[in-house]
Amino acid sequence: MKLKLYQLLLILIPALGFVACSDDFLENEKFGAPSTENFWQTEGDAMAAVNALYTYFSEDDIVGRGFMWYVCAGDDMVVGRDKAQSVNMKNFIDDGSNGYTAKNWRYMYRIIGRANDIIVNVPSMSIDKDLKDFILGQAYFLRGWAYLWLAPRYGDDRAGIPIVKEGTALSELDVPRAKNVSENYKQCVSDFDKAAKLLPYFDELPADDYGRAHKTACWAYAAKAHLYNAEYDATSYAKVVEYADKVITSGKHGLLDNYTDVFKVENNWSKEYIWSFVSSSDKGCITPSVFLENKGWGKYNGWGYWHATNELYEAYEEGDPRREATILKFGDEFQYFGETMRYYSSNNRTGMQFRKFMDPFTSKDPVADGTINANGDYPATDLNMPLIRYAEVLLFKAEALIMQGKSGDGPLNEVRHRAGLDPLTGATMDDLKHERRVELAAEWSDRHQDLVRWHDAQATYSKPLHGRIHSNLLEPDSPYEIKEVWPARKFDPVVNHVWPIPPQEIEQSEVLVQNKGY
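Residues numbered from 1 in each chain as written. Predicted model: local features only at pLDDT ≥ 70, side-chain atom pairs only at ≥ 80, totals over all residues. Heavy atoms only, no water.

Moving on, we get to the overall build of the protein. Scanning the protein from N- to C-terminus turns up 21 helices and ten strands. Since a compact globule built from 518 residues should have a radius of gyration of about 24 Å, the 22 Å found for the protein is in line with a globular shape. Considered along the principal axes of its C-alpha atoms, the protein spans approximately 70 × 50 × 50 Å. Of all 518 residues assigned to the protein, the portion counted as buried reaches 63%. Considering only intrachain contacts with a sequence separation of at least 6, the fraction spanning at least 24 residues in the protein is 70%. Looking at the protein as shown, the accessible area adds up to about 19,100 Å², and 49% of this sits on carbon and sulfur atoms. One way to put it: in the protein the 57 positive side-chain charges average out to a point 4 Å from where the 76 negative ones average out. (Helix = DSSP H or I, 4+ residues; strand = E, 2+ residues; numbered from the N terminus. Rg over C-alpha atoms; globule rule 2.2 N^0.38 Å. Buried < 20%, exposed > 50% of the residue type's maximum accessible area, 1.4 Å probe, protein only. Contact = heavy atoms within 4.5 Å. Areas by Shrake-Rupley, 256 points an atom, 1.4 Å probe, with all protein chains shown as cover. Lys, Arg positive; Asp, Glu negative; His and termini not counted. Charge placed at Lys NZ, Arg CZ, Asp CG, Glu CD.)

Quick look at the environment of Ala159 now. When you line up the elements, Ala159 lands in the loop between helix H8 (129–154) and helix H9 (181–198). When the C-alpha atoms of Ala159 and Val181 are compared, they prove to be 6.1 Å apart, with 22 residues separating the residues in sequence.

A complete count under the given rule lists 38 salt bridges for this structure. Notably, a salt bridge pairs Glu439 with Arg322, separated by 2.8 Å at the nearest N-O pair. Placement of Glu439 in helix H18 (residues 429–440) and of Arg322 in helix H14 (residues 321–326) is noted, with a sequence separation of 117 residues between them. Just as Glu439 is buried, Arg322 falls in that class too. Shared partners join several salt bridges into a network, and the residues in it are Glu272, Glu317, Asp320, Arg322, Lys356, Arg389, Arg416, Arg418, Glu435, Glu439 and Glu443. (Salt bridge = Lys/Arg side-chain N within 4 Å of Asp/Glu carboxyl O.)

Time to look at the nonpolar core. One recurring pattern in soluble globular proteins: nonpolar side chains tend to sit buried together. One finds Ile118, Phe141, Trp145, Trp275 and Phe277 to be the most contacted residues of the largest nonpolar core, which totals 151 residues. If one sorts the elements of this core by residue count, H8 sits on top with 16 residues. Formed by 13 residues, the second largest nonpolar core is a distinct cluster that contains Leu292, Phe334, Phe337 and Met341. (Core = buried A, V, L, I, M, F, W, Y, C linked by side-chain atoms within 4.5 Å.)

Time to look at the packing of helix H7 (residues 103–121) against H8. Where H7 contacts H8, the two axes come as close as 9 Å, and the packing angle between them is 150°. Between H7 and H8, the angle is such that the two are roughly antiparallel. In this structure, H7 meets H8 at a crossing whose hand is left-handed. For the pair H7 and H8, contact is made by Asn104, Trp105, Met108, Tyr109, Ile111, Ile112, Ala115, Asn116, Ile118 and Ile119 and by Ile135, Leu136, Ala139, Tyr140, Leu142, Arg143, Trp145, Ala146, Tyr147, Trp149, Leu150 and Tyr154, respectively. Taken together, the residues of the contact of H7 with H8 break down into 19 nonpolar, two polar and one charged. (Axes fitted to C-alpha atoms, helices over the stretch in contact; angles between N-to-C directions. Parallel < 35°, antiparallel > 145°, perpendicular 65-115°, else oblique. Left-handed = near helix turned anticlockwise from the far one by under 90°. Nonpolar A, V, L, I, M, F, W, Y, C, P; charged D, E, K, R; others polar.)

The next thing to look at is the environment of Tyr300. Note that Tyr300 resides in the loop between helix H12 (287–291) and strand E3 (306–308). On the basis of relative accessible area, Tyr300 is assigned to the buried category, the value being 7%. Separated by 61 residues in the primary sequence, Tyr300 and Phe361 place their C-alpha atoms 9.0 Å from one another.

A few words now on the side chain of Glu399. Positionally, Glu399 belongs in helix H16 (residues 390–403). Take Glu399: its relative accessible area is 1%, and that puts it in the buried class. Discounting residues that sit within four places of it in the chain, Glu399 has contacts with Leu227, Met429, Leu432, Arg436, Arg453 and Trp454.

Before going further, it helps to examine helix H11 (residues 236–249). Across its 14 residues, H11 extends 20 Å between first and last C-alpha, which sits within 8% of the 20 Å expected from 1.5 Å per residue. Of the residues making up H11, those classed as buried are Ser236, Tyr237, Val240, Val241, Tyr243, Ala244 and Val247. For H11, the secondary structure elements touched by its buried residues are H9, helix H10 (215–229), strand E2 (273–277) and H16. Following H11 by one or two positions, Gly251 has its phi on the positive side, about 75°. (Expected span 1.5 Å × (residues − 1).)

A few words on the environment of Glu333. Topologically, Glu333 is positioned in strand E5 (residues 333–336). Among all residues touching Glu333, those that are not within four sequence positions of it are Leu328, Thr340, Met341, Arg342 and Arg355.

Working note: non-glycine residues mostly have negative phi, and peptide bonds are mostly trans. Even without being glycine, Ala442 reaches a positive phi, approximately 70°. Mapped onto the elements, Ala442 comes out in the loop between H18 and helix H19 (447–453). Looking at Ala442, the relative accessible area reads 5%, which means it is buried. Phi angles above zero are rare outside glycine, and His455 is one such case at about 60°. The topology assignment puts His455 in the loop between H19 and helix H20 (457–461).

No statement about biological role is implied by the geometric values presented.
Here it is as structure tokens:
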């Protein structure tokens, strides 16, 4: 008999196995499969359960290429290597079975299911209260985080995504979709509020626990949930400001003086850090290598999947140092394997590579130094990939203020000041949109989702994308012409503002229905 959707996704934690409690909580050492009768007894059991919530933070489908394919749908990058899955997703020809993204739904509901089991079982355990609070706080945070990962991409005002409450019986796990996505955002905020009350500040964590959920991460994500909900309920803008201010006034975070330094391994845990995919060269995020030049000029197995567009390059104001920190164009100098090189590429579709995440490749022997994995087929690096950083929280606040008819100049200009740019007076939404684009380019802030929620996607995607096509692809100083590299795309805002739920999830459910138009 075929299992229902949530019977597959929310099998009890013991049946899935646990990540061991260790100094490195991202290590995937497995426990056996204890039964529910003999589990939930010791502090070790509780720690194993919470560690299991982070299992998918080293899965390629999530931290490698998986999520960036949603971002690639925007106008800041094009697909560097043509494969059906990536090209079709870029062109909004997608039925949800895309091999690069189809597992995201399932993985997120597994996190939700594991969090639910913790929330049900840990409160009655006879363990240290501070540890209990820390474990429960992480469970609430990661449940909210998983819902927020899915909700804006699969839910709208017609139907949200399923909300599976803790304690739901196995026979009742196949639940219908929420009435609308606002219900999902309210669930997210509720989870982040509960988590924030239980969790410490980041600077109160021991170094071994860096990367775990903490208080200001809860507030930052609550601000993001309200910002997304404001598309449907304008009263949420005031809440964005409220939660952003919790982060800002905490005094725990700030902007680094130099934008380029934000993306260096040595600053994985800087004051700008709020929440990242924790990475190491042994087990972690391969995204920097996926951005890297295909074959890495013969020194490393870069994958060359995402190429910066000329549209993005020209979006920067003249003199904005973030442009050169973000993008390499022909002739630009950069450090690579201890050598000063001048950029060129024989296989880059636009003539421009993203530079932002290249720090792990700068030393003479990054493999020996331990900043990159020796296995180019699993090219993890030591660079954490930012999901939310302090600059984005400032821009959350600026956007919410502007949308309420108030001045967003303060937080907006704080971001501009770091870039050495003149302050703005009476900043508009166009100014805000510009600042988000150039500050957060190629990050998991998701430019595509911004264009969708601003209702700018259809007009933006109706225009082709361009690159700089050089006459000699092996010569950094060769002249170029600006040419179309990706044709205009058809984006139907009634359909394509959300992605199709993976069809295998629909088939395994008796109540889950597909997004309209797919």
